[in-house]
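Descriptive structure summary
Below, each chain spelled out in residue letters.
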Amino acid sequence: MLLGKGQKGTSHCVCVDCEEDWPYESKLQRVIESALETEGVDVPCAVDVLITDDAGIHQTNLETRGVDRPTDVLSFPMFELSPGEKPRAEWADPDTGKVFLGDMVISLERANEQAEEYGHSLERELCYLTVHSVLHLLGYDHLDEGPMKRQMREREEKILTEMGLDRT
């Protein structure tokens, strides 16, 4: 678990569940903190991340969505936010003082395949999937192929560019 400093000294809690000594854990924690800061989240938040394989995400996808196949990332928001809507301090857990935004599950196998397919590093792909999931936790979606998807892609690229992880 990592406690990070977000906007205005906001303390976020990111818990990444993965293999011991996994080299990308601290990077994903920083990506989540940066995404929350860029999106203007100014209350302390908590996010749980599970890194798994295709079999694990396949099972989760089947159990939670009824979709019988693996995918790259799944997001389970705690709240039904609209894009741009911020979590509120009154939603915080009284014991931790943090707003639990939700869970994300990432398939490391799928991330490896997509990194190769898109011609960039595994680190960049994992960061992209993490930002994508944070935006889902904050109410963004891409159900259409039009404005909603464009809005989400613009936010993803802005966050990644600010972190020095743009596509170029």
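Here is a short report on the structure shown in this document.

1. Some points on helix H1 (residues 25-38)
Since the α-helix advances by 3.6 residues per turn, residues separated by three or four positions end up pointing in the same direction. An ideal rise of 1.5 Å per residue puts 20 Å on 14 residues; H1 measures up with 20 Å between its terminal C-alpha atoms. All of the buried residues in H1 are Lys27, Leu28, Gln29, Val31, Ile32, Glu33, Ala35 and Leu36. Positive backbone phi, approximately 80°, marks Gly40, located one or two places after H1.

2. Observations concerning helix H3 (residues 108-118)
Those residues of H3 lying buried are Ala111, Gln114 and Ala115. Seen end-on, H3 carries its buried residues on one side only, within an arc spanning 105°. Residues Glu116 and Glu117 are exposed on H3 and point more than 90 degrees away from its buried face. On the buried face of H3, the contacting elements are strand S5 (99-107) and helix H4 (122-137). Looking one or two residues past H3, Gly119 carries a phi angle of roughly 70°, positive in sign.

3. A word on the pattern of salt bridges
The tally for this structure, following the rule as stated, stands at nine salt bridges. The partner of Lys27 in a salt bridge is Glu123, with the nearest N and O atoms 3.4 Å apart. Of the two residues, Lys27 sits in helix H1 while Glu123 sits in helix H4, which places them 96 residues apart along the sequence. Looking at Lys27, the relative accessible area reads 15%, which means it is buried. Residue classification places Glu123 among the partly exposed positions, given a relative accessible area of 28%. Ionic pairing is found between Glu157 and Arg124, a salt bridge with its closest N-O pair at 3.5 Å. One end of the pair, Glu157, is in helix H5 (residues 147-162); the other, Arg124, is in helix H4, and 33 residues separate them in sequence. Where salt bridges share partners, they join Asp54, Arg110 and Glu113 into one cluster.

Reading the values: the criteria
Residues numbered from 1 in each chain as written. Predicted model: local features only at pLDDT ≥ 70, side-chain atom pairs only at ≥ 80, totals over all residues. Heavy atoms only, no water. Helix = DSSP H or I, 4+ residues; strand = E, 2+ residues; numbered from the N terminus. Expected span 1.5 Å × (residues − 1). Buried < 20%, exposed > 50% of the residue type's maximum accessible area, 1.4 Å probe, protein only. Arc of directions from axis to C-beta. Contact = heavy atoms within 4.5 Å. Salt bridge = Lys/Arg side-chain N within 4 Å of Asp/Glu carboxyl O.

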